[in-house]
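Here's the letter readout for the chains.
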Amino acid sequence: VVTFHGLGRRLAFSPSLPDEWFEIDRGQDLGVRATEVLRQFLRRKPNQDLQPEALSALERAWIDVLPLQLEPPRASPRPKQPGLMALLGGRDLASGREELGKVGRCLTWGRDDLERCLERAPELERLETLMRRPQRAAVVVVGPRLVGKTTLIHEQVRRDNRRRGYWQLSPQRLISGMSYLGQWESRLVKILRYVREKNLVLVLDDLLGWLSAGLSRDAQMPASDVLKPFLERQELRLLAELTPEALAVLQEKDRALADRFEVVRLEEMAPGTSMRVLLETVRRTEETQRCTFTSRAILEIEELSSRYLTDAARPGKAARMARQLGARYRGQLVDRQQVLEQFSQRSGLSLTLLDTGTRLTRAQSRAWLSERVVGQPRALDALADTISIFKARLSDPRRPVAGLLFVGPTGVGKTECARALAGTLYGNEDRLVRLDMNEFVGHDAVSRLVGSSGHPDGLLTAALRRQPFSVVLLDEVEKAHPDALNLLLQVLGDGRLTDALGRTADFTQAILIMTSNLGAREVSRSLGLRSQAEQDELTYLKAVREY
């Protein structure tokens, strides 16, 4: 349910029922009111259309986080005479201080609400040393996702005894509302001059985004080009964060800018150290959410995050899961079962697969698959083996769960096998990511799959970043461009792909299925002394190996 204020009232609606808007009175509980509206909606439906499960957003939706910071002015601005931009239909820019207040967020004002950094004494000492230097320097904290880069920066803000102002600035907010050529450049120059004058610290949460911010059909100068002269003259103090993949992209695209930054590296914590951070996070979550975690729940959080969340690093992936559980079960007891249910809803995996205390035999898996696919015993055996390996958690954590190649003529059930596997593992065929590789025959095949600077969301990487727990079906893989096949070699070997913005798509929890018609023409006219089945198999294998 989405709630917001409008027309002096509190309104709400559900994305599953976009036409059922309703109002929430002051002091009224949202859950009670939403339940009442849902009951009224279902009563109006005819009996034959009553399918409440169709309203669930589970397994059919994903969440992207878009942080917004709104800081109203402390005093009403004084009216002033319109300038040239206003006469032309635009608007005059304010002073550097006012512009920074509009598009930036002051971390110093809310330092008591910032995250705390634990078990990072050496890295914090190095960061403090760099920030205490008399000469103004640019520092970038580099580490994998959820390793603790943001918490380290927040801890630096909390510990800065010089009471310097730390302002977070994103390139997207900088250029928002700037419709005239040169307008955002003037805003940025005013902000940088004010930061230089007041000896403030700029915190850049999206350093790579500065390379593309401001580029358009009529403007070819990115925001980073305005930033670089100030850095070359050592007139600014900057503090940024990047993943190693994003740093490599930055060095490739603008080596001069990357060399201006001192690097503070954060490595993934050891399991024992990460467990101490998790225990402290649980303790704070229990205080704020008034809930209670059992020891079995804490151990299950560490186990699930270590085994399945391979695209993130310790300690952040376990700590985030604990905070999400505390928010969901506020004021309740959080045991192992609650942890499994929460992760099952998030990943789509059934509790039978996640719970090590529940038995799942190979025969059961094969029976489920045989309800969907008939006449392909060897393919069903391979799929049943894949499910058994996944259940036993015996797959290589650095590679996809399985890589399968289905070869045969059109219509024998290659795609249906992939659908059956997705439905068995996740209970929903929507977890099947299907790409027709005959659409990727040109030289732009790689850029379409992993993205480019102009279109960073590649078809393959974006789908896996949204949902890493999925079955990836690549139809007619032999028709793809050779560069695309080399890309698949990286997926099968390393279990990951990096897009044009340095974001990593994790394939270690995915099952990769490729289909091909290679050998089908030769089988139709083959002759030999062996049985037909043996002859067909040898023909298919020969065709695939030759290709």
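As a starting point, this report considers the structure included with it. Quick caveat, the model's predicted, so the values are computed rather than measured.

## Observations regarding the overall build of the protein chain
Here's step 1: The number of helices and strands found in the protein chain is 23 helices and 17 strands.
Here's step 2: Oriented by its inertia axes, the alpha-carbon framework of the protein chain measures out at about 90 × 55 × 55 Å.
Here's step 3: For the protein chain, with 547 residues in total, the buried portion stands at 45%.
Here's step 4: A separation of at least 24 residues holds for 70% of the contacts in the protein chain among residues at least 6 apart in sequence.
Here's step 5: Counting only carbon and sulfur atoms, one obtains 50% of the accessible surface of the protein chain, whose full area is about 29,500 Å².
Here's step 6: Between the averaged position of the 82 positive side-chain charges in the protein chain and that of its 72 negative side-chain charges there is a distance of 5 Å.

## Concerning the nonpolar core
Here's step 1: By size, the foremost hydrophobic cluster in this structure holds 48 residues, and its most contacted members are F293, I301 and I513.
Here's step 2: Top element by residues in this core is helix α18 (residues 414-426). It accounts for seven residues.
Here's step 3: Each residue touching F293, except ones within four places of it in the same chain, is listed here: V282, T285, E286, I298, I301, A322, L325, G326 and V334.

## Comments concerning the sheet that holds strand β17 (residues 511-516)
Here's step 1: Strand order in the open sheet made by the four strands is β12-β17-β14-β13, with parallel pairing throughout. Both edges of this open sheet fall to β12 (402-407) and β13 (432-436), since each of them pairs with a single strand only. Within the sheet, the average angular offset between the axes of one strand and its neighbour, ignoring direction, is 15 degrees.
Here's step 2: Note: β13 against strand β14 (residues 471-475), five bridges, orientation parallel. Paired with D436 across the two strands is D475, which belongs to β14.
Here's step 3: The strands touched by α18 within the sheet are β12, β13, β14 and β17, with β14 carrying the most contacts at an inclination of about 170 degrees.

## Let's talk about the packing of helix α17 (residues 377-392) against α18
Here's step 1: Two numbers describe how α17 lies on α18: the axes approach to 11 Å, and their chain directions differ by 30 degrees. Considering the angle they form, α17 stands roughly parallel to α18. α18 is crossed by α17, and the crossing has right-handed handedness. Of the residues in α18, those in contact with A379, L383 and I387 of α17 are C417, L421, T424 and L425.

## Considerations on the environment of L68
Here's step 1: Secondary-structure assignment places L68 in the loop between α1 (30-44) and α2 (84-87).
Here's step 2: As a C-alpha pair, L68 and L369 span 301 residues in sequence and 46 Å in three-dimensional space.

## A few points about the packing of helix α11 (residues 271-289) against helix α12 (residues 295-308)
Here's step 1: Running from amino to carboxyl end, α11 crosses α12 at an angle of 130 degrees, the nearest separation of the two axes being 11 Å. Of the possible angle classes, the one that applies to α11 and α12 is oblique. Crossing of α11 over α12 shows right-handed handedness. Packed against α11, whose contacting residues are S274, M275, L278, L279 and V282, the element α12 presents I298, L299, I301 and E302 at the interface.
Here's step 2: Along the lines of polarity and charge, the residues of the contact of α11 with α12 split into seven nonpolar, one polar and one charged.

## Digging into the pattern of salt bridges
Here's step 1: According to the stated counting rule, one finds 41 salt bridges in the structure shown.
Here's step 2: In this structure, the salt-bridge partner of R496 is E245, at a minimum N-O distance of 2.4 Å. Separated by 251 residues along the polypeptide, R496 in strand β15 (residues 496-498) and E245 in helix α9 (residues 244-253) bring together distant segments of the chain.
Here's step 3: Judged by its relative accessible area of 21%, E245 falls in the partly exposed class.
Here's step 4: For the salt bridge of K542 with E546, the shortest nitrogen-to-oxygen distance reads 2.5 Å. Of this pair, K542 and E546 both sit in helix α23 (residues 532-546), separated by four residues, roughly a single helical turn.
Here's step 5: Assessed through its relative accessible area of 51%, K542 is described here as exposed.
Here's step 6: By relative accessible area, E546 is classed as exposed at 58%.

## Things to note about unusual backbone geometry
Here's step 1: The amide bond that connects R314 to the next residue, P315, takes the cis arrangement and shows omega of 0 degrees.
Here's step 2: As for its placement among the helices and strands, P315 is situated in the loop between α12 and α13 (316-328).

## Some points on the environment of A500
Here's step 1: For A500, the position within the fold is in the loop between β15 and β16 (504-506).
Here's step 2: In sequence terms A500 and A246 are 254 residues apart; their C-alpha atoms lie 8.8 Å from each other.
Here's step 3: Excluding anything up to four places from it in sequence, A500 contacts V249, K253, V450, G451, S452, S453 and P456.

## Considering helix α21 (residues 482-494)
Here's step 1: When the terminal C-alpha atoms of α21 are compared, their 18 Å separation across 13 residues agrees well with the 18 Å that a helix rising 1.5 Å per residue should span.
Here's step 2: The complete set of buried residues in α21 reads A484, L487, L488 and V491. Burial along α21 is one-sided: seen end-on, the buried residues are contained in an arc of 100 degrees. Across α21 from its buried face, at more than 90 degrees, point the exposed residues P482, N486 and L489.
Here's step 3: Looking at the buried positions of α21, the neighbouring elements they touch are α19 (445-450), β14, β15 and β17.
Here's step 4: In the segment just after α21, G495 is the residue with positive phi, at about 70 degrees.

Quick notes on the rules
Residues numbered from 1 in each chain as written. Predicted model: local features only at pLDDT ≥ 70, side-chain atom pairs only at ≥ 80, totals over all residues. Heavy atoms only, no water. Helix = DSSP H or I, 4+ residues; strand = E, 2+ residues; numbered from the N terminus. Buried < 20%, exposed > 50% of the residue type's maximum accessible area, 1.4 Å probe, protein only. Contact = heavy atoms within 4.5 Å. Areas by Shrake-Rupley, 256 points an atom, 1.4 Å probe, with all protein chains shown as cover. Lys, Arg positive; Asp, Glu negative; His and termini not counted. Charge placed at Lys NZ, Arg CZ, Asp CG, Glu CD. Core = buried A, V, L, I, M, F, W, Y, C linked by side-chain atoms within 4.5 Å. Pairing = 2+ DSSP bridges. Axes fitted to C-alpha atoms, helices over the stretch in contact; angles between N-to-C directions. Parallel < 35°, antiparallel > 145°, perpendicular 65-115°, else oblique. Left-handed = near helix turned anticlockwise from the far one by under 90°. Nonpolar A, V, L, I, M, F, W, Y, C, P; charged D, E, K, R; others polar. Salt bridge = Lys/Arg side-chain N within 4 Å of Asp/Glu carboxyl O. Expected span 1.5 Å × (residues − 1). Arc of directions from axis to C-beta.

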